[in-house]
Amino acid sequence: MAKGFFIIGTDTGVGKTFVTAGLTGALRERGIDAVPYKPVQSGAVAGEDGLRAPDVEFYKKVADLPDDKFNTYSLVPPLAPSLAAELSQVSIEIDKIKEDFVSLCVKYQIVIVEGAGGLFVPLKGTGFLLPDLIKEFNLPVIIVARPDLGTINHTVLTVRCAEQLGLKIKGIIYNGFDINNLTLSEKTNPEIIEKMTNIPTLGKIPKGKDIDIDTCQIGNTLELIKNNVDFDLLLNNT
Ligand SMILES: Nc1ncnc2c1ncn2[C@@H]1O[C@H](COP(=O)(O)OP(=O)(O)OP(=O)(O)O)[C@@H](O)[C@H]1O
Ligand SMILES: C[C@H](N)[C@H](N)CCCCCC(=O)O
Ligand SMILES: [Mg+2]
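No experiment lies behind these values; they were computed from the predicted model shown. (Residues numbered from 1 in each chain as written. Chains lettered and ligands numbered in written order. Predicted model: local features only at pLDDT ≥ 70, side-chain atom pairs only at ≥ 80, totals over all residues. Heavy atoms only, no water.)

**Observations regarding the overall build of the chain**
Threshold: Helix and strand assignments follow DSSP, with helices taken as H or I runs no shorter than four residues and strands as E runs no shorter than two, numbered in order from the N terminus. Atoms counted for the radius of gyration: C-alpha only. Globule rule: 2.2 Å times residue count to the power 0.38. Only protein chains enter the area calculation, which uses a 1.4 Å probe; residues under 20% of their type maximum are buried, those over 50% are exposed, and those in between are partly exposed. Residue contacts are defined here by distance: any two heavy atoms, one from each residue, within 4.5 Å place the two residues in contact. Calculation of accessible area relied on Shrake-Rupley with a 1.4 Å probe; when residues are assessed, cover is drawn exclusively from the protein chains displayed. Positive: Lys, Arg. Negative: Asp, Glu. His and the chain ends are not part of the count. A single reference atom marks each charge: NZ on Lys, CZ on Arg, CG on Asp, CD on Glu.
For the chain, the helix and strand inventory stands at 9 helices and 13 strands. Relative to the globule expectation of 18 Å for 238 residues, the C-alpha radius of gyration of the chain, 17 Å, shows essentially globular dimensions. Principal axes of the C-alpha set define a box for the chain whose edges measure 45 × 35 × 35 Å. Residues counted as buried form 53% of the 238 residues belonging to the chain. Relative to all contacts within the chain whose residues are 6 or more apart in sequence, the contacts with residues 24 or more apart total 77%. About 11000 Å² of surface is accessible on the chain, with carbon and sulfur atoms providing 50% of the total. Distance between charge centres in the chain, computed from 24 positive and 30 negative side chains, equals 4 Å.

Dropping the structure here:
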């Protein structure tokens with residue numbers, strides 16, 4: 001079985017890339033040969049030498065990575081992968097994604113895969129969704145969630161759906177606390193969600209400084225992840 005994690009979010013923009021990059025960098029600093037993998041990047045940007053994948057560029061800047069292939073498809077339309085592929089007249093081949101994933105699994109100790117958007121996102125047409133890929137990879141998922149009001153519903157919905165689909169859930173990372181001005185919901189959400197789901201909280205990450213994926217500003221990403229994720233919990237039984 002491949003060793004690693006599949007990073008999903010309760011939504012797009014919750015911090016999956018930030019967490020994927022930070023976890024990869026932190027594990028590599030611990031001497032664990034971890035790498036990231038982004039099967040399908042939508043919202044890719046045209047650069048001098050072809051399409052740039054912002055998520056992958058961010059990984060490379062945060063973590064000291066070997067030179068390898070960490071992305072299979074890069075698509076310009078900022079949409080769900082299957083729609084972005086359709087508009088780009090690209091056919092997403094799941095076997096190609098599996099091939100790239102396996103080639104990383106044989107070379108490295110841990111592969112941290114980033115999804116796209118939330119859980120129920122179509123990868124190919126409307127029949128092959130993100131959970132289908134997670135099952136193919138047979139990896140436990142880490143859910144990245146917002147900390148504030150509204151996240152109970154989003155997070156518990158994601159947990160319940162993932163469980164009903166037979167996915168294994170490693171834990172939840174809440175991302176983006178305003179630690180200088182914690183709201184009542186930020187103070188109470190992780191505990192009540194753990195009570196409702198029995199899924200452990202792996203980390204509570206504060207808002208950082210100068211972090212922006214689109215402009216590849218990494219700010220204090222690595223420090224935030226290193227200081228706020230429970231790595232003993234993350235790595236036990238991995
Ligand atoms: N803890 C944080 N502190 C400050 N900025 C953050 C933090 N986490 C994420 N961000 C910023 O929020 C934006 C969204 O984060 P990110 O791109 O990681 O989300 P995502 O879930 O990967 O989105 P997508 O679904 O597009 O892949 C980015 O600009 C990122 O830099
Ligand atoms: C373009 C964006 N940054 C992500 N890469 C893809 C988000 C897909 C969201 C699909 C949806 O739930 O509407
Ligand atoms: Mg991302």
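**Description of a nonpolar patch on the surface**
For the record, the criterion: By definition, no residue in a patch forms a salt bridge, and every one has over 30% relative accessible area; like charges are joined within 9 Å, nonpolar side chains (Val, Leu, Ile, Met, Phe, Trp, Tyr) within 5 Å. Salt bridge, as applied in this entry: a Lys or Arg side-chain nitrogen positioned within 4 Å of an Asp or Glu carboxyl oxygen.
A cluster of nonpolar side chains, contributed by Leu79, Leu83 and Leu87, occupies part of the molecular surface with about 280 Å² of accessible area. Looking at the secondary structure, you find Leu79 in the loop between strand E5 (71-75) and helix H3 (81-87). Here Leu79 falls in the partly exposed class, since its relative accessible area comes to 37%.

**Examining the environment of Ile213**
With respect to the helices, strands and loops of the structure, Ile213 is situated in the loop between strand E12 (211-212) and strand E13 (217-218). Setting aside residues no more than four positions away along its own chain, Ile213 makes contact with Thr17, Phe18, Pro54, Asp55 and Phe58.

**Quick word on the confidence of the model for the chain**
Do not read the fine detail of predicted coordinates wherever pLDDT is low. Definition in use: Every residue gets a pLDDT, meaning the predictor's confidence in that residue, from 0 to 100.
Mean pLDDT over the chain stands at 97; residues scoring 70 or higher make up 99%. Both confidence scores are given for the complex: pTM 0.98, ipTM 0.99.

**Description of the UniProt feature "binding site: substrate" (unreviewed entry) in the chain**
Filter applied, for reference: UniProt positions are given in the numbering used here, feature names are shortened, and annotations may be inferred rather than shown by experiment. Under this definition, polar contacts are N or O atom pairs within 3.5 Å; protein pairs additionally need one hydrogen-donor-capable and one acceptor-capable atom, and for neighbouring residues in sequence, both atoms have to be side-chain atoms.
Taken from the UniProt record, the annotation "binding site: substrate" (unreviewed entry) applies to Ser42. Given the relative accessible area of 19%, Ser42 is considered buried. When neighbours within four sequence positions are excluded, Ser42 is seen to be in contact with Leu75, Pro77, Leu79 and Ala84. In this structure the side chain of Ser42 is engaged in a polar contact, spanning 2.8 Å, whose partner is the backbone oxygen of Leu79.

**Section: the site of ligand 2**
Where we set the bar: Any residue with a heavy atom positioned within 4 Å of a molecule or strand is treated as near that molecule or strand. Residues are grouped as follows: nonpolar covers Ala, Val, Leu, Ile, Met, Phe, Trp, Tyr, Cys and Pro; charged covers Asp, Glu, Lys and Arg; every other residue, Gly included, is treated as polar.
Around ligand 2, the neighbouring residues are Thr12, Ser42, Pro78, Leu79, Ala80 and Gly117. Against a free-state accessible area of 390 Å², the protein chains account for coverage of 59% of ligand 2. In terms of residue class, the shell around ligand 2 is built from 3 nonpolar, 3 polar and no charged.

**A few points about the site of ligand 1**
Taken together, 18 residues lie around ligand 1, and Thr12, Lys16, Thr17, Asn175 and Gly208 are the ones closest in. At 3.0 Å from an oxygen atom of ligand 1 is found a main-chain nitrogen or oxygen belonging to Gly13. Residue Glu114 places a side-chain N or O atom 3.1 Å away from an oxygen atom belonging to ligand 1. Taken by itself ligand 1 offers 630 Å² of open surface, and the protein chains cover 80% of this. Those elements that place two or more of their residues in the shell around ligand 1 are helix H1 (16-29) and E12.

**Quick word on the pattern of salt bridges**
Counted by the stated rule, this structure contains 11 salt bridges. We note a salt bridge from Arg146 to Asp11, for which the minimum N-O separation is 3.2 Å. Taken together, the positions of Arg146 in the loop between strand E9 (141-145) and helix H6 (151-164) and Asp11 in the loop between strand E1 (4-9) and H1 put the pair 135 residues apart, joining distant regions of the chain. Between Arg28 and Asp33 there is a salt bridge, with the nearest N and O atoms lying 2.8 Å from each other.

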